[in-house]
Amino acid sequence: MTKARTNASASPAVGRNMVINGAMNVAQRATSVTGLGAADGYFTCDRWHINQGATSAGRFTMSQTADGPDGISANCIKIDCTTADTSIAAGEHLILEQRFEGQNLQRMGKGLAGAKQVTVSFYVKASAAFDFVVELYDADHDRQISKLYSTTTDWVRHEFTIPADVDGGDQPLDDDNASSFLIDFWLHGGSTYTSGTLNTASWANATAANLAAGIDSIFSSTDNNFFITGVQMEVGPVATEFEQEDVGVTLAKCQRYYYEHAAGANKIISNAAAYTSSSAYGEVNFPTAMRAAPALVVNDIGNGYTFYKNGASDPINDFTLQGATTTAGQLFNDSDVSATVGHAGFFWTVNANCLVAFQAEL
């Protein structure tokens, strides 16, 4: 394993790493999910999104694995090929990515006079030697740059200094909470994305054929595994040591996008009150302001939840979300309750598969 380089002149300020959960320490949804490869989504480690195209025949298990490099992180993401795909259609792709709000990257000055260099670093290993690509993509202006890197069976830190992109001098990243920028780790691609020449030297308008030229495929064999952790993106021309962040800080950053409120059996969801004789509502306050008013994520389970009041329980199946803001929302059940209007109680989980969560992902 190569050792992270120390920059004696670099600022030790907390927060220099713009990547959230780069140590793969937070996994609110699950620690392992099988059968992936046919759909996009967030599945295990928070903020790390699977982007797939053309529904490859390849399948994989994605897991948060306790196998990180010593002194960097105890955890990593593992991509384990479980179904190979050696007949690659032109439009196929598999990307592990993180999406960024434009307002969080204004320090880069991208697209403006005085734009700054950015350095990306990360630790990877694999089951064998592969060539893969990391791409930085400006979604606001469809501009990108890619870098090819190689894996071994040992942890290796790769470091890439990305040139500043002044562009026209009047093309900044949008200063808002929408998705403006991505780090893409290409693990599989068809000729639509690999038949050109990799754009490595400077930022350019995106050309599909140049995005991932030269990569191998994680789906070439069921023996293939890919591991990644210690992902960092910072302003400046030098890769500083991976920033170690308190897990509580990382969790709070992740909860801006996804907040698991109650999962499993025998968990209090919220205080509640009967709104009518057959409905009840309860308010949930989020631990941190979410990126936007969230959507409710709930497992609908017959009699999986309950409204407990006056020493009795009303089995209920699900909830809807009403009046949501970035800081709170009301859970509402409008059909399963039998109660006196105004009576107080609480919502409770009964079934081990219960889940109440809130999502405001990019």
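Residues numbered from 1 in each chain as written. Predicted model: local features only at pLDDT ≥ 70, side-chain atom pairs only at ≥ 80, totals over all residues. Heavy atoms only, no water.

Peer 1: Describe the overall build of the chain, listing the residues and the values that go with them.
Peer 2: What the chain contains, in helices and strands, is 2 helices and 23 strands. A principal-axis box enclosing the C-alpha atoms of the chain has dimensions of 70 × 45 × 40 Å. Of all intrachain contacts in the chain linking residues separated by at least 6 positions in sequence, the fraction that spans at least 24 positions is 76%. Surface exposure of the chain reaches about 14300 Å², of which carbon and sulfur atoms provide 48%. (Helix = DSSP H or I, 4+ residues; strand = E, 2+ residues; numbered from the N terminus. Contact = heavy atoms within 4.5 Å. Areas by Shrake-Rupley, 256 points an atom, 1.4 Å probe, with all protein chains shown as cover.)

Peer 1: Residue-level account of the side chain of Asn21, with values.
Peer 2: On the secondary structure map, Asn21 appears in the segment before β1 (32-36). Among all residues touching Asn21, those that are not within four sequence positions of it are Val26, Cys45, Asp46, Trp48, Thr250 and Cys254.

Peer 1: With reference to specific residues and values, describe the pairing of strand β6 (residues 93-101).
Peer 2: The two faces of the sheet receive side chains in turn, since in a regular strand these alternate between them. Counting buried residues along β6, 9 of its 9 residues qualify, which places the element largely inside the surrounding structure. Here β6 shows a buried face lined by His93, Ile95, Glu97, Arg99 and Glu101 and a second buried face lined by Leu94, Leu96, Gln98 and Phe100. Inspection of the sheet shows strand β3 (residues 49-53) paired to β6 by 5 bridges, in the antiparallel sense. Within the sheet, the bridge partner assigned to Gln52 lies in β6 and is Leu94. For β6 and strand β11 (residues 179-189), the ladder comprises 9 bridges, and the chain directions are antiparallel. (Buried < 20%, exposed > 50% of the residue type's maximum accessible area, 1.4 Å probe, protein only. Pairing = 2+ DSSP bridges.)

Peer 1: Run through the pattern of salt bridges, naming residues and quoting values.
Peer 2: In the structure shown here, the tally under the stated rule is 13 salt bridges. For Asp165, the salt bridge goes to Lys110, with nearest N and O atoms at 2.6 Å. Taken together, the positions of Asp165 in the loop between β10 (156-162) and β11 and Lys110 in the loop between β6 and β7 (118-126) put the pair 55 residues apart, joining distant regions of the chain. Each of the two residues, Asp165 as well as Lys110, counts as buried. Among the ionic pairs, Glu159 bridges to Arg157, the shortest N-O distance being 3.5 Å. With relative accessibility at 26%, the residue Glu159 sits in the partly exposed group. Classification of Arg157 by relative accessible area gives buried; the value is 6%. (Salt bridge = Lys/Arg side-chain N within 4 Å of Asp/Glu carboxyl O.)

Peer 1: Help me get a handle on the sheet that holds strand β19 (residues 312-316), residues and values and all.
Peer 2: Spatially, the 7 strands line up as an open sheet ordered β19-β18-β22-β15-β16-β21-β20, and their pairing is antiparallel. Strand pairing shows two members of the sheet lacking a second neighbour, β19 and β20 (320-322), which therefore form its edges. Averaged over all neighbouring strand pairs, the angle between strand axes comes to 35 degrees, with direction disregarded. Strand direction decides the pairing type here: strand β15 (residues 268-276) and strand β22 (residues 344-349), joined by 5 bridges, are antiparallel. Its bridge partner being in β22, Ala272 is matched across the sheet by Gly345. (Axes fitted to C-alpha atoms, helices over the stretch in contact; angles between N-to-C directions.)

Peer 1: An account of the nonpolar core is needed here, citing residue identities and associated values.
Peer 2: Phe122, Phe185, Ile228 and Met233 are the most contacted members of the largest nonpolar core, which has 43 residues in total. Of the residues forming this core, the biggest block, 5 residues, is contributed by β7. The residues contacting Phe185, other than those within four sequence positions of it, are Trp48, Leu94, Ile95, Leu96, Phe122, Val133, Val134, Tyr149, Ile228 and Val231. Ile301, Cys354, Phe358 and Ala360 belong to the second-largest nonpolar core, a separate cluster that totals 23 residues. (Core = buried A, V, L, I, M, F, W, Y, C linked by side-chain atoms within 4.5 Å.)

Peer 1: Describe empty space enclosed by the protein, and please don't skip the residues or the numbers.
Peer 2: Counted by the stated rule, this structure contains 1 cavity of 30 Å³ or more. Here the largest cavity is characterised by a volume of approximately 40 Å³. Forming the walls of the largest cavity are Met108, Lys110, Lys116, Val118, Ile162, Pro163, Asp165 and Trp203. The residue makeup of the lining of the largest cavity, split by class, is 5 nonpolar, no polar and 3 charged. (1 Å grid on protein atoms, 1.4 Å probe; cavity = no way out; pocket = protein on both sides within 12 Å on 5 of 7 lines; lining within 4 Å. Points joined across faces, edges and corners; volume = space filled by probe spheres on them. Nonpolar A, V, L, I, M, F, W, Y, C, P; charged D, E, K, R; others polar.)

Peer 1: An account of the packing of aromatic side chains is requested, with residue identities and associated values reported.
Peer 2: Per the counting criterion, the structure on display carries 22 aromatic pairs. With centroids separated by 6.3 Å and ring planes inclined at 55 degrees, the aromatic side chains of Trp48 and Phe185 adopt a geometry described as tilted. With Trp48 in the loop between β2 (41-42) and β3 and Phe185 in strand β11, this pair connects stretches of sequence that are 137 residues apart. Assessed through its relative accessible area of 0%, Phe185 is described here as buried. Ring centres 6.4 Å apart and planes at 70 degrees place the aromatic pair Trp155 and Phe227 in the edge-to-face group. On the criterion of sequence distance, the pair formed by Trp155 in the loop between β9 (143-150) and β10 and Phe227 in strand β13 (residues 225-235) is long-range, its members being 72 residues apart. Assigned by exposure class, Trp155 and Phe227 land together as buried. (Phe/Tyr/Trp six-rings, centres within 6.5 Å; stacked < 30°, edge-to-face > 60°.)

Peer 1: Before we move on, can you summarise the state of the cysteines with the specific residues and values?
Peer 2: Inspection of the entire model under this criterion finds 0 disulfides. Here Cys76 is not cross-linked by a disulfide; its sulfur's nearest cysteine counterpart is in Cys45, at 8.3 Å. Owing to a relative accessible area of 0%, Cys76 belongs among the buried residues under this scheme. (Disulfide = S-S within 2.5 Å.)

Peer 1: Hey, could you go over the sheet that holds strand β17 (residues 295-298) for me, with residue numbers and the actual values?
Peer 2: The strand order across the open sheet built from 3 strands is β14-β23-β17, with neighbouring strands paired in antiparallel fashion. Two strands in the sheet have a free side with no partner beyond their single neighbour: β14 (258-263) and β17. Averaged over neighbouring strand pairs, the angle between their axes works out to 20 degrees when direction is ignored. Inspection of the sheet shows β14 paired to strand β23 (residues 355-359) by 5 bridges, in the antiparallel sense. From the neighbouring strand, Glu260 faces β23, where its bridge partner is Ala357.

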